[in-house]
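Close look at the chain arrangement
Chain by chain, the residues run as shown.
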Amino acid sequence: MTAVGDFRMLNLSKFSDLDFSEVLPAKLTVVKAALLYSGCKKLSMCGSGARSSVLRPVKAMESSTGDVLTKDCGGFPGKSKVQITTVGDSSNIVWHKSSVEKSDREELLNQKGCIIWITGLSGSGKSTLACALSHALHARGKLSYILDGDNCRHGLNSDLSFKAEDRAENIRRIGEVAKLFADSGVICIASLISPYRKDRDACRALLPEGEFIEVYMDVPLQLCETRDPKGLYKLARAGKIKGFTGVDDPYEPPLNSEIVLCQREKMCDSPNALAEIVILYLERKGYLEA
Ligand SMILES: Nc1ncnc2c1ncn2[C@@H]1O[C@H](COP(=O)(O)OS(=O)(=O)O)[C@@H](OP(=O)(O)O)[C@H]1O
Ligand SMILES: Nc1ncnc2c1ncn2[C@@H]1O[C@H](COP(=O)(O)OP(=O)(O)O)[C@@H](O)[C@H]1O
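The following paragraphs examine the structure supplied in this document. None of the values given here were measured: they were computed from a predicted structure. (Residues numbered from 1 in each chain as written. Chains lettered and ligands numbered in written order. Predicted model: local features only at pLDDT ≥ 70, side-chain atom pairs only at ≥ 80, totals over all residues. Heavy atoms only, no water.)

1. Some details on the pairing of strand β11 (residues 259-262)
Residues in a regular strand point their side chains to alternate faces of the sheet. Keep this limit in mind: Accessibility here uses a 1.4 Å probe with only protein chains present; expressed as a share of the type maximum, an area under 20% marks a residue as buried, one over 50% as exposed, and anything in between as partly exposed. Secondary structure counts use DSSP, requiring at least four H or I residues in a row for a helix and at least two E residues in a row for a strand, with both numbered from the N terminus. In short, DSSP must find at least two bridges between two strands for them to pair.
What you see with β11 is a clean split: Ile259 and Leu261 sit on the buried side and Val260 and Cys262 on the side with no burial. As paired strands, strand β10 (residues 212-218) and β11 are joined by four bridges and run parallel to one another. Bridge pairing links methionine 217 to leucine 261 in β11.

Encoded structure:
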């Protein structure tokens, strides 16, 4: 990391346990407050104490190509060398990097951000597992958030139908949102049918190796149909819902899921027991500590 500009480097690791409010002038107390609030022990901070009445955190940033971006998040005027790019249909855009990084947030939360992607037929127990898992993580002091396909279709994805390209867009959007949650340090639980392998794998590719954890609810269609808590299979069989997954629309089972939860008639583990399997995986992979 290259530091730029006129500033003094402060290393929080030296300050985090000390109370400077009595010995430092007011300007530096502002810095201390910003540092402590960030909770990031290795965060290097700098401020132009001599001229500014409010010290702002500044950190040098690098573009993906390695160029140093001198634009700071505190709005300092001065020369800026920025990387202007085009992504999809968005042209002339610039990636703004924050001085508080994923690792800083993870340290604050004492966990690692990741995505638990639960896939399976309607009625296979995705939402039930997502709730049990979120509850169990909460009980351990771990922050999680559920992105449920059904729920997202009430807002973010209410413009999408169940035809293949709309399902793909549904999955893409949830994947992108889940990626943001993971970057925030949260354990993001995405629970949606996501019937196509290609779409799930595209979401996996958005994250660094290991951070996308696919959980396959391996439950036979017949059992899902017997459960039918919303009566949707009955409507689909009666021809009143067209293109229902498993009935007249495809479901492509994952080939290499990190976790497969196999449920058969009269051989179903409780939702809490299934959640424990996922938690054990997270523990072993180090996701439940920073
Ligand atoms: N045609 C069709 N096929 C499958 N499911 C249907 C359909 N129409 C409505 N529903 C209801 O929508 C829920 C699935 O939404 P998802 O966003 O998870 O689906 S997908 O990932 O885009 O395939 C699904 O919820 P779950 O039962 O929780 O899976 C259904 O309640
Ligand atoms: N582990 C389980 N054992 C037995 N029944 C379950 C289990 N998980 C879920 N169920 C039941 O199956 C039905 C479908 O569960 P749900 O979580 O809504 O599935 P999905 O979100 O995949 O559609 C519900 O009636 C739920 O109570």
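Okay, back to it.
2. Digging into the pairing of strand β9 (residues 187-191)
β9 sits mainly inside the fold: five of its five residues count as buried. Side chains Ile187, Ile189 and Ser191 project from β9 onto one buried face, and the interleaved Cys188 and Ala190 project onto a second face that is buried too. Bridge count for strand β7 (residues 114-119) against β9 is five bridges, and the pairing is parallel. Along β9, the bridge assignment pairs cysteine 114 with isoleucine 187. In terms of strand pairing, strand β8 (residues 144-148) meets β9 through five bridges, oriented parallel. Looking at β9, one finds that serine 144 is bridged to isoleucine 187.

3. A look at the site of ligand 1
Stated formally: In these notes, residues near a molecule or strand are those with any non-hydrogen atom within 4 Å of it. Throughout this description, a polar contact denotes any pair of N or O atoms lying within 3.5 Å of each other; where both atoms belong to protein, one of them has to be capable of donating a hydrogen while the other can accept it, and for residues adjacent in sequence the pair is counted only when both atoms sit in side chains. Calculation of accessible area relied on Shrake-Rupley with a 1.4 Å probe; when residues are assessed, cover is drawn exclusively from the protein chains displayed. Three categories are distinguished: nonpolar for Ala, Val, Leu, Ile, Met, Phe, Trp, Tyr, Cys and Pro, charged for Asp, Glu, Lys and Arg, and polar for the others, with Gly belonging to the last.
Of all residues adjacent to ligand 1, which total 20 residues, the nearest are Ser122, Arg167, Asn170, Ser194 and Lys230. Between ligand 1 and the protein, one listed contact pairs an oxygen atom with a side-chain N or O atom of aspartate 150 at 3.2 Å. Within the side chain of arginine 167, one N or O atom sits 2.8 Å away from an oxygen atom of ligand 1. In the complex, 91% of the free accessible area of ligand 1, which totals 620 Å², lies under the protein chains. Taken together, the elements giving at least two residues each to the shell around ligand 1 come down to α4 (126-139), α5 (149-152) and α6 (164-183). Of the residues assigned to the shell around ligand 1, the class counts are six nonpolar, eight polar and six charged.

4. Section: the site of ligand 2
Taken together, the neighbourhood of ligand 2 is formed by 16 residues, with Gly123, Lys126, Ser127, Thr128 and Asp269 sitting nearest. One of the backbone N or O atoms of glycine 123 is found 2.7 Å from an oxygen atom in ligand 2. Within the side chain of serine 127, an N or O atom sits 2.7 Å from an oxygen atom of ligand 2. Elements with a contribution of two residues or more to the shell around ligand 2: α4 and α10 (271-284). Ranked by residues supplied to the shell around ligand 2, first place goes to α4 with three residues.

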